[in-house]
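# Per-entry structural report
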Amino acid sequence: MTDKTMLDASENVTSFDSFAFSSTIYQNLTALHYESPTPIQARAIPHVLDGKDILAGAQTGTGKTAAFGLPLIHKLAQEPRERESHSKVIRSLVLTPTRELAQQVFDSLVPLAKDTGLKVVVAYGGTSMGVQTKNLVGGADILVATPGRLLDHQHNRNLTLSECEYLVLDEADRMLDMGFMPDLNRILKRLPKERQNMMFSATFEQRIKTLAHRIMNEPVEVQVTPANSTADTVKQMVYPVDKKRKHELLAYLIGSRNWQQVLVFTKTKQGSDALAKELKLDGINAVSINGDKSQGARQKAWDDFKSGKVRALIATDVAARGLDIQQLEQVVNFELPYKAEDYIHRIGRTGRAGHAGFAVSLMSHDEQYLLEAIERLLDTRLPQEWLAGFEPSPVSEIDPDRAPRRNSRGADKRKMKAKLKIHANRGKKR
Ligand code: AMP
């Protein structure tokens, strides 16, 4: 259910002052140059402060981390706990589907919690258990973790979840997509029944609501954009092009439009590696980031991209989850995603926190049905344009196997004509 009264009241929240946070938190907000709450913050924070469970439909880039982070930090800091070295208590748990998102959430929470005395720890796979184990000594006020690594630490008795007061599921839709439900169930069994829950999801499908109602206590729904929509600040364009010319078109776009920082999505890991290689041959500094790379390599690629050393970052959907750059202007779908929801996640990498963004999709003829699925989900038609010099070939010349089948009546007629011809020829011979 949506708490209409609270939603209406929150429309008027234009300042962080109305939340009565501690002076330390206000100092931190000033240091971060967060001047006023974003819409999801204005709507979610009052409920969280009120102790309610919330189900928040907010796409990536809307400021959702601080929407749960600020009230969480405020509440935890109000009741500080003595930390003893033998303690393994985790007071609040933030679960994320990917390592990158875990790191990003941690990076956002640390400056918000500065000087509050709270201990924030991050734990995810692909890096050594040792450092994380050390960090967990004495427990944590906030632990940001991926489900698998959390269970590893639980198994090694590095932590206890039995006194955890708050649970945040970030990007819950992706967590389900990635098959984390069994891990999630294992974790839920270890958490106390009495706790406050916050669930965030970019897309707001029925399965998300079903999960929310299973694990939460009468959650309040807050949504800042209509379900399954894309940010208004992102301009979208589809360029139909032959599959074999996509790479050439991408290099042309990067060069002719002088794109200095472009995030490119491919469907497969192999595709991302191959494309990075091809762009390099064209003189465009590109690296790929995918699940086959070590955490160190992924982090380096990301850092080089952020600092501007690398111009094009070629990523798969999973690898790109959680990447955050304030002013990333270009996102390119080199291939359209199989899952329409991923389109929203992908283009959510640009147009963040109110900045303008441009999302380009290079669509070959055989991807038409994927575009249709995206348009159905968004309930809108995306603009299409043929770029001069890259116009797609007539369908049948692209790939004979993929050319649309002629209808059977036509086929029957052709067969009939062929038969008649044979008969006619036979007649001539006689
Ligand atoms: P998120 O959706 O949590 O990934 O946040 C997207 C970006 O918005 C992050 O880079 C945040 O630092 C930034 N951000 C979050 N809240 C605010 C705010 N109230 N004012 C300005 N920037 C913000």
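Per an unreviewed UniProt entry, the recorded name for the protein is ATP-dependent RNA helicase RhlE, and the organism is Vibrio thalassae. What the UniProt record of the protein gives under Sequence similarities (unreviewed entry) is the line "Belongs to the DEAD box helicase family."

## Some points on the overall build of the protein
Tallying secondary structure elements over the protein gives 18 helices and 13 strands in all. Contacts in the protein between residues far apart in sequence, at least 24 positions, make up 75% of those at least 6 positions apart. Entry remark: accessible area of the protein is about 20,600 Å², with carbon and sulfur atoms responsible for 50%.

## Regarding the packing of aromatic side chains
In total, this model carries seven aromatic pairs according to the counting rule given. Ring centres 6.3 Å apart and planes at 80° place the aromatic pair Trp-259 and Phe-358 in the edge-to-face group. With Trp-259 in the loop between helix H11 (246–256) and strand E9 (262–265) and Phe-358 in strand E13 (residues 357–363), this residue pair connects regions lying 99 residues apart in the sequence. Across this residue pair, the class does not change: Trp-259 and Phe-358 are buried. Ring pairs connect the aromatic residues Phe-16, Phe-19, Phe-21 and Tyr-26, which therefore count as one cluster. Here Lys-246 stacks its cationic end above the ring of Phe-334, 5.8 Å away from the centre of that ring. A cation over a ring is seen here: Lys-267 above Tyr-338, with NZ or CZ 4.1 Å from the ring centre.

## What about the sheet that holds strand E7 (residues 220–223)?
An order of E3-E4-E2-E5-E6-E1-E7 is seen for the seven strands of this open sheet, with the pairing classed as parallel. Of all the strands in the sheet, just strand E3 (120–123) and E7 have a single pairing partner and so form its edges. The average undirected angle you get between the axes of adjacent strands in this sheet is 15°. In this sheet, strand E6 (residues 196–201) lies alongside strand E1 (residues 54–57) in parallel orientation, the contact comprising four bridges. When the sheet's bridge partners are listed, Ala-56 is paired in E6 with Phe-200.

## Digging into the sheet that holds strand E12 (residues 330–333)
Here six strands make up an open sheet; going across it, the order is E8-E13-E12-E9-E11-E10 and the pairing parallel. With partners counted over all chains shown, the strands left at the sheet margins are strand E8 (234–240) and strand E10 (286–289), one partner each. Between one strand axis and the next, the sheet turns by 20° as a mean value, whatever way the strands run. Alignment of E8 against E13, held across seven bridges, turns out to be parallel. Following the sheet pairing, Pro-240 is matched in E13 by Met-363. Against the sheet, H11 contacts E8, E9, strand E11 (312–315), E12 and E13, and its axis sits at roughly 155° relative to E13. Sheet strands touched by helix H15 (residues 340–347): E8, E9, E12 and E13. Its angle to E12, the strand with the most contacts, is close to 155°.

## A word on the pattern of salt bridges
Scanning all chains against the criterion turns up 21 salt bridges. One salt bridge in this structure joins Glu-171 and Lys-64, with 3.3 Å as the shortest N-O distance. In this pair, Glu-171 is assigned in the loop between strand E5 (166–169) and helix H8 (172–177) and Lys-64 in helix H4 (residues 64–78), connecting sequence segments 107 residues apart. Across the pair, exposure class does not vary: Glu-171 and Lys-64 are buried alike. Residues Lys-114 and Asp-115 are paired through a salt bridge, measuring 3.7 Å at the closest nitrogen-oxygen approach. Classification of Asp-115 by relative accessible area gives exposed; the value is 59%. By sharing partners, the salt bridges in this structure join Arg-81, Arg-91, Asp-141, Glu-163 and Glu-165 into a single network.

## Some remarks on the packing of H4 against helix H5 (residues 99–112)
Helices that pack against each other are described as a pair by the angle of their axes relative to one another and the distance between those axes. Interaxial distance between H4 and H5 falls to 10 Å at its minimum, and their mutual angle equals 40°. By the angle between their axes, H4 is oblique relative to H5. In terms of crossing hand, the pair formed by H4 and H5 is right-handed. Counted together, Thr-65, Ala-66, Phe-68, Gly-69, Leu-70 and Ile-73 of H4 and Val-105, Ser-108, Leu-109 and Leu-112 of H5 form the full contact between these two elements. Class assignment for the residues of the contact of H4 with H5 results in seven nonpolar, three polar and no charged.

## Some details on the packing of H11 against helix H12 (residues 269–281)
For the pair H11 and H12, interaxial distance at closest approach is 10 Å and the crossing angle is 55°. Taken together, the axes of H11 and H12 lie oblique to each other. In the packing of H11 onto H12, the handedness of the crossing is right-handed. Within the contact between the two elements, H11 uses His-247, Leu-250 and Ala-251 and H12 uses Leu-275, Glu-278 and Leu-279. Residue classes in the contact of H11 with H12 are distributed as four nonpolar, one polar and one charged.

What counts, and at which threshold
Each chain carries its own residue numbering, running from 1 in the direction its sequence is written. Since the coordinates come from a predicted model, pLDDT governs what is reported: local features require at least 70, and pairs of side-chain atoms require 80 or more to be given and counted, while whole-chain, interface and lining totals use all residues. To get the side-chain values, take all heavy atoms of the structure and skip hydrogens and water. UniProt positions are given in the numbering used here, feature names are shortened, and annotations may be inferred rather than shown by experiment. Helix and strand assignments come from DSSP, with helices taken as H or I runs of at least 4 residues and strands as E runs of at least 2, each series counted from the N terminus. The contact definition used throughout considers only heavy atoms, calling two residues in contact when any of these lie within 4.5 Å. Surface accessibility in these figures is a Shrake-Rupley result with a 1.4 Å probe; residues are shielded only by whichever protein chains are displayed. Think of it this way: a Phe, Tyr or Trp ring, Trp meaning its six-membered ring, pairs with another when their centres are within 6.5 Å, and the plane angle makes it stacked under 30 degrees, edge-to-face over 60, tilted otherwise. The rule is simple: take the accessible area with a 1.4 Å probe, protein chains only, and divide by the maximum for that residue type; under 20% is buried, over 50% is exposed, in between is partly exposed. Criterion for a charge above a ring: Arg CZ or Lys NZ at most 6 Å from the ring centre, at most 35 degrees from the ring normal. When DSSP finds two or more bridges between two strands, those strands count as paired. As a rule, the C-alpha atoms of each element are fitted with a line to give its axis, helices using only the stretch in contact, and angles between N-to-C directions run from 0 to 180 degrees. In the sections that follow, a salt bridge refers to a side-chain nitrogen of Lys or Arg positioned within 4 Å of a carboxyl oxygen of Asp or Glu. Should an angle fall under 35 degrees it is taken as roughly parallel, and over 145 as roughly antiparallel, whereas 65 to 115 is taken as roughly perpendicular and any remaining angle as oblique. We call a crossing left-handed when the near helix sits turned anticlockwise from the far one by less than a right angle, and right-handed when that turn is clockwise. Throughout this entry, Asp, Glu, Lys and Arg are counted as charged residues, while Ala, Val, Leu, Ile, Met, Phe, Trp, Tyr, Cys and Pro are counted as nonpolar. The remaining residues, Gly among them, count as polar.

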